[in-house]
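Each chain, written out:
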Amino acid sequence: VEPTSTDTHKGIVYLDPTNLKNSCNESNSVSTTGTKTGCMKWYIYSEDDSNYNMILDHNTTETVAYNSTGSNTEMKEVKTALESDTSTWDSSLKARLITANEVARITGNTGFDASQTGMGWFCLDTNAPDYTNYCAKAEGTSAYKWLFDNTKECTSSGCDIADDSTYGYWTSTPYAGDTSSAWYVHRFGNLNYNNVDNDSGYGVRPVITVSKDIFK
């Protein structure tokens, strides 16, 4: 599905990651949290001459710790969950988690670099923190709702579809300068960071890289 002039993504793709030849469209796709196989909805957020990078519209795992030891030096439980969720997927898709810097590039936040210490959280729509209203927006009005749809009470920050099972999803990026934290996309439409041993808030939302050849 081609993007409209106001969309901040580059298009919507309905695709079954277990069989790239399956016929998929809006009518036979499933966006329920926990769904790992079958036809699902993906958003293109970047591309090069050969590939599209796409993120799923829901979590395949509701909640999981980034690393239960409390150290952000490596992904642990979240990595295991990602590998389990995507074990039957076509290996060419190279399923992974989105990075914090990719999220910042999507929103145009040129001042953000997760490799630097002292980076602060920011609302996706403004690229700035909002300590008063915490990124509140009317339901369905966030330009980046596709990045946090299907999370708990997200409609209060401008998403279309809420899901009480998860508060968001982890990125693959540790927080520089704090060995116990990592970045995640939050249900209230922001990129934030939290303790990596938190196993009741954030889950897995895979990213895949798809060859443009399969659309020809």
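Residues numbered from 1 in each chain as written. Predicted model: local features only at pLDDT ≥ 70, side-chain atom pairs only at ≥ 80, totals over all residues. Heavy atoms only, no water.

**Q** What am I meant to see in the state of the cysteines here?
**A** What is meant by a disulfide is a covalent connection between two cysteines, made through their sulfur atoms. Inspection of every chain in the model, using the stated rule, returns three disulfides. In this model Cys24 forms its disulfide with Cys39; the gap between the sulfur atoms is 2.2 Å. Residues Cys24 and Cys39 share a disulfide whose torsion about the S-S bond is about -70°; that sign makes it left-handed. Residue Cys24 is found in the loop between β1 (12-15) and β2 (40-47), and its partner Cys39 is found in the loop between β1 and β2; the two are separated by 15 residues along the sequence. Per residue, the accessibility class of Cys24 equals that of Cys39, and both read buried. Between the sulfur atoms of Cys123 and its disulfide partner Cys135 the distance amounts to 2.0 Å. Here the disulfide of Cys123 and Cys135 is left-handed, its torsion about the S-S bond being about -80°. Of this pair, Cys123 sits in strand β4 (residues 122-123) while Cys135 is found in the loop between β4 and β5 (168-174), placing the two residues 12 residues apart along the sequence. Of the residues examined, Cys123 reaches a relative accessible area of 4% and is grouped as buried. Along the protein chain, the cysteines that take part in disulfide bonds pair up as 1-2, 3-4, 5-6, counted in sequence order. (Disulfide = S-S within 2.5 Å. Helix = DSSP H or I, 4+ residues; strand = E, 2+ residues; numbered from the N terminus. Buried < 20%, exposed > 50% of the residue type's maximum accessible area, 1.4 Å probe, protein only.)

**Q** It is not clear to me how the side chain of Ser142 should be interpreted in this structure. Could you clarify?
**A** By secondary structure assignment, the location of Ser142 is in the loop between β4 and β5. According to the relative accessible area criterion, Ser142 is buried, its value standing at 3%. A polar side-chain atom of Ser142 sits 3.1 Å from the main-chain amide nitrogen of Tyr144. Ignoring sequence-local partners within four residues, the contact set of Ser142 consists of Asp125, Lys137, Phe148, Ser157 and Gly158. (Polar contact = N/O pair within 3.5 Å; in protein donor to acceptor, adjacent residues only side chain to side chain. Contact = heavy atoms within 4.5 Å.)

**Q** In this structure, what is going on with helix α2 (residues 100-107)? I would like to understand it.
**A** Spacing of three or four residues puts side chains on the same side of an α-helix, whose turn is 3.6 residues. Burial analysis of α2 places six of its eight residues in the buried class, which makes it a mostly covered element. The set of residues buried in α2 consists of Ala100, Glu102, Val103, Ala104, Ile106 and Thr107. For α2, the elements touching its buried residues are β2, β4, β5, β6 (181-186) and β7 (190-195). Of the residues flanking the end of α2, it is Gly108, one or two places downstream, whose phi is positive at about 80°.

**Q** Looking at this structure, I do not really get the environment of Lys94. What am I missing?
**A** Mapped onto the fold, Lys94 is located in the loop between α1 (77-85) and α2. A relative accessible area of 60% means that Lys94 is categorised as exposed. In the structure, Lys94 is positioned 115 residues away from Thr209 in sequence and 6.3 Å away in space, judged by C-alpha atoms.

**Q** Looking at this structure, how should I read the pairing of β2?
**A** Moving residue by residue along a regular strand, the side chains alternate between the two faces of the sheet. With six of eight residues buried, β2 lies mostly within the body of the structure. For β1 and β2, the ladder comprises four bridges, and the chain directions are antiparallel. Bridging across to β2, Val13 finds its partner in Trp42. Here five bridges tie β2 to strand β3 (residues 51-56), and the two strands are oriented antiparallel to one another. Bridging from a neighbouring strand, Trp42 pairs with Leu56 of β3. Where β2 folds back onto β3 in an antiparallel hairpin, the turn is made up of three residues. (Pairing = 2+ DSSP bridges.)

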